[in-house]
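Close look at the chain arrangement
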Amino acid sequence: MKSPSCLPLEAAKVICVSESPIDAGAALSQFQKAAATSGGIVSFTGNVRGTSAQGSVTTLHLQSYSPLTEQGIERAAQTARDRWPLDHITILHRTGDMRPGDTIVFVAAASAHRRAAFEAADFLMDYLKTEAVFWKKETTSEGAAWIEPRAEDYQDNARWANTETT
Amino acid sequence: MASLLYFGKLVELTHSPQETIDLPPTLGTTHDLRKWLDNRFETEGAFLESTIRIAINNQVVTEPQAIGQTDEIAFMPPVGGG
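Note that the coordinates shown come from a computational prediction; the quantities given were computed from them, not determined experimentally.

1. Topic: the packing of aromatic side chains
Using the criterion set out here, one finds ten aromatic pairs over all chains in the structure. Seen in terms of ring centroids, Tyr-65 of chain A and Phe-7 of chain B are 4.7 Å apart; in terms of plane orientation they differ by 40°. Their pairing is tilted. In this pair, Tyr-65 of chain A is assigned in the loop between β4 (55–64) and α2 (68–83) and Phe-7 of chain B in the loop between β1 (2–6) and α1 (10–14), connecting two distinct chains. Across the pair, exposure class does not vary: Tyr-65 of chain A and Phe-7 of chain B are buried alike. On the basis of an interplanar angle of 20° and a centroid distance of 5.9 Å, the ring pair of Phe-41 of chain B and Phe-47 of chain B is categorised as stacked.

2. What to know about the interface of chain B and chain A
If you look at the interface, chain B gives 19 residues, while chain A gives 26 residues. Where chain B meets chain A, there are two salt bridges. Its salt-bridge partner being Glu-12 of chain B, residue Lys-137 of chain A comes within 3.0 Å of it at the nearest N-O pair. Connecting chain B to chain A are nine residue pairs in polar contact (both at pLDDT 80 or more). When residues of the side of chain B that touches chain A are traced back to their parent elements, those giving at least two are α1, β4 (59–60) and β5 (72–76) of chain B. Among the elements that make up the side of chain B that touches chain A, the one with the highest residue count is β5 of chain B (three residues). A class-by-class count of the residues in the side of chain B that touches chain A yields ten nonpolar, six polar and three charged.

3. Description of the environment of Tyr-6 of chain B
Residue and element names in this part refer to chain B. Within the element layout of this structure, Tyr-6 appears in strand β1. For Tyr-6, a relative accessible area of 1% puts it in the buried group. Along the backbone, Tyr-6 and Phe-75 are 69 residues apart, and their C-alpha atoms lie at a distance of 5.2 Å. Sequence-distant contacts of Tyr-6, defined by excluding residues within four places in its chain, comprise Val-11, Thr-14, Ser-16, Pro-17, Gln-18, Glu-19, Leu-37, Arg-40, Phe-41, Phe-47 and Phe-75. At 2.6 Å, the side chain of Tyr-6 forms a polar contact with the side chain of Glu-19.

4. Re unusual backbone geometry
Ser-66 of chain A connects to Pro-67 of chain A through a cis peptide bond whose omega is 0°. Tracing the chain through its elements places Pro-67 of chain A in the loop between β4 and α2. One non-glycine residue, Asn-57 of chain B, lies in the positive phi region at around 50°. Following the sequence through the fold, Asn-57 of chain B ends up in the loop between β3 (53–56) and β4. Even without glycine at this site, Asn-58 of chain B takes up a positive phi of about 70°. By the secondary structure assignment, Asn-58 of chain B is in the loop between β3 and β4. Residue Asn-58 of chain B is classed as partly exposed on the basis of its relative accessible area of 22%.

5. Structural notes on helix α1 (residues 24–34) of chain A
In an α-helix there are 3.6 residues to a turn, and that puts residues three or four apart on one side. All names here are of chain A. Among the residues of α1, those classed as buried are Ala-24, Ala-27 and Phe-31. Taken down its axis, α1 places every buried residue within 60° of arc, on the same side. Where α1 is buried, its residues meet β2 (40–47), β5 (86–94) and β7 (103–111). Between the side-chain oxygen of the N-cap and the backbone nitrogen of Gly-25 there are 3.2 Å, and the N-cap of α1 in question is Asp-23.

6. A look at the sheet that holds β2 of chain A
All names here are of chain A. Taken together, four strands build an open sheet; the order of strands is β1-β5-β7-β2 and the sheet is mixed. Since the sheet does not close on itself, it has two edges, and those belong to β1 (13–18) and β2, each with one partner. Each strand of the sheet is rotated relative to its neighbour by a mean of 5°, with strand direction disregarded. Where β5 and β7 come together, seven bridges link them in antiparallel fashion. Residue pairing in the sheet places Ile-91 in a bridge with Val-107 of β7. Set on the sheet, α1 makes contact with β2, β5 and β7; between it and β7 the angle comes to about 15°. Sheet strands in contact with α2 are β1 and β5, and its direction is about 155° off that of β1.

Conventions and cut-offs
- Residues numbered from 1 in each chain as written.
- Chains lettered and ligands numbered in written order.
- Predicted model: local features only at pLDDT ≥ 70, side-chain atom pairs only at ≥ 80, totals over all residues.
- Heavy atoms only, no water.
- Phe/Tyr/Trp six-rings, centres within 6.5 Å; stacked < 30°, edge-to-face > 60°.
- Helix = DSSP H or I, 4+ residues; strand = E, 2+ residues; numbered from the N terminus.
- Buried < 20%, exposed > 50% of the residue type's maximum accessible area, 1.4 Å probe, protein only.
- Contact = heavy atoms within 4.5 Å.
- Salt bridge = Lys/Arg side-chain N within 4 Å of Asp/Glu carboxyl O.
- Polar contact = N/O pair within 3.5 Å; in protein donor to acceptor, adjacent residues only side chain to side chain.
- Nonpolar A, V, L, I, M, F, W, Y, C, P; charged D, E, K, R; others polar.
- Arc of directions from axis to C-beta.
- Pairing = 2+ DSSP bridges.
- Axes fitted to C-alpha atoms, helices over the stretch in contact; angles between N-to-C directions.

This is the structure we're talking about:
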């Protein structure tokens, strides 16, 4: 069953986990309209890779656990808002079956100045890679395997534990 | 009846993402349940791994935690999306 589209992105905070395809271009375009007067907008788009360490990727399957997944992302978004002066945040995340080139995740942050927007988007992506409640199964030419975060992902996320951002 | 949910790689061991089941009354805690499931699915310790976290009724719990007959109990391997 398809979930409804996550668009439009007018609210100051949009969090959407859905099986519907993400059109990152359309998402950014809408986000830019909503945050037109913010000064600085940073967005990140994560796509399914065509090759992995295991070989050439045919499909990526993502599982979530509602409402735990959404609640966790909500908390991370709130942490970002507490930490940086953000006007707008959007987090779109796919579940279900995807193919190489499909967008898995779209994160955008808008603030009066660039640094806050860069850091908030980076922080949210590190959360999504290591703590967000998703499970990923990758099918390649060599077979299927469940993927867990890499050590580098955990190290990236740990950067935010003790840093002040004033 | 309790609902048991198995996420990620655990589905390969249980061959089903969820089941509704009468738990034996002797199972008082998450620790008892892990051992019982590990025997039941013959998973050679997979259910005992500390990297598998448990959520009861949508709350990740600190273990051991008491379990009830009507709980939704989810077994969660390491997570990560993006």
